[in-house]
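Structural characterization, general
So the chains spell out like this:
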Amino acid sequence: MPIKLCGLKEKARGLAAFFLSTGLLIWLDQWTKNLAVQHLMGKPAIVLLAGIFDLRYLENRGAAFGMFQGRQMFFFLVAVIVFFIVLFGLYRMPFTRRYLPLAVCMSLIVAGAAGNMIDRLTQQYVVDFLYFCLIDFPIFNVADCYVTVSAILLVFLVTWRYDEGDLAVFSWKKGESL
């Protein structure tokens, strides 16, 4: 399938939608973390589904499963790299209906990385509060959900929706396939 390039007007609209949606997602993440601080910090867990799902306050100074404790500069650098990769993708990607799912994934990834980076820069830890006690899964937050959902969606899209021609727009040289 040939790649349909979009015009400047479509690119501007697509970028505006991307930054607006990403901003709203970051706001939602920060708002939920603020609610967790207000209603969960220093208090017992709130049981939503007994034995299945709780809300618990945790200050996470690492990554998933508490790995890389205290490595704030590492997380900052990873987030910056993610931002640059997404900006490159946005620059190269046509803002057409076909690429909308990729734009959604990019927005979720940036919002998740930015939401946790804001916490790390302002507090030196990330506020986590969602806990699946049924499987004793590590406590996580909304930003983590964004990253997880986008990663799963990206695997699905790259495996079953997009072919090599669709993804050629992201190659380093225009017209060069991946």
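Keep in mind that this is a model prediction, so the values were computed, not measured. (Residues numbered from 1 in each chain as written. Predicted model: local features only at pLDDT ≥ 70, side-chain atom pairs only at ≥ 80, totals over all residues. Heavy atoms only, no water.)

Further remarks concern the overall build of the chain. Along the backbone of the chain there are five helices and three strands. Here the chain holds 178 residues, and the buried ones make up 39% of them. The contacts of the chain with a sequence gap of at least 6 include a subset with a gap of at least 24, amounting to 69%. Summed over its atoms, the accessible surface of the chain is roughly 10800 Å², and 72% of this surface lies on carbon and sulfur atoms. (Helix = DSSP H or I, 4+ residues; strand = E, 2+ residues; numbered from the N terminus. Buried < 20%, exposed > 50% of the residue type's maximum accessible area, 1.4 Å probe, protein only. Contact = heavy atoms within 4.5 Å. Areas by Shrake-Rupley, 256 points an atom, 1.4 Å probe, with all protein chains shown as cover.)

Looking at the secondary structure, you find Asp166 in helix H5 (residues 164-167). Among the residues examined, Asp166 registers a relative accessible area of 3% and is labelled buried. At 2.6 Å, the side chain of Asp166 and the side chain of Arg98 are in polar contact. (Polar contact = N/O pair within 3.5 Å; in protein donor to acceptor, adjacent residues only side chain to side chain.)

A word on the sheet that holds strand S2 (residues 53-60). Read from one edge to the other, the open sheet built from three strands follows the order S1-S2-S3, with strand pairing classed as antiparallel. In the strand order of this sheet, the two ends are held by strand S1 (46-49) and strand S3 (126-132), each with one partner. Between one strand axis and the next, the sheet turns by 35 degrees as a mean value, whatever way the strands run. Pairing of S2 with S3, which is carried by six bridges, proceeds in the antiparallel orientation. (Pairing = 2+ DSSP bridges. Axes fitted to C-alpha atoms, helices over the stretch in contact; angles between N-to-C directions.)

A full pass over the atoms with the stated rule returns five salt bridges. Across the salt bridge formed by Glu59 and Arg61, the nearest N and O atoms sit 3.5 Å from each other. Overall, Arg61 belongs to the partly exposed group, its relative accessible area being 35%. Where Arg98 meets Asp166, a salt bridge forms, and the shortest distance between an N and an O atom there is 2.6 Å. Of the two residues, Arg98 sits in the loop between helix H2 (72-92) and helix H3 (100-123) while Asp166 sits in helix H5, which places them 68 residues apart along the sequence. The exposure class assigned to Arg98 is partly exposed, which follows from its relative accessible area of 23%. (Salt bridge = Lys/Arg side-chain N within 4 Å of Asp/Glu carboxyl O.)

This next bit is on the pairing of S2. Taken together, the three bridges between S1 and S2 define a ladder with antiparallel strand orientation. Within the sheet, the bridge partner assigned to Leu49 lies in S2 and is Phe53. Between S1 and S2, which pair antiparallel and follow one another directly, the connecting turn spans three residues, one of which, Gly51, has a positive phi of 75 degrees.

The analysis is restricted to geometry; functional conclusions fall outside its scope.
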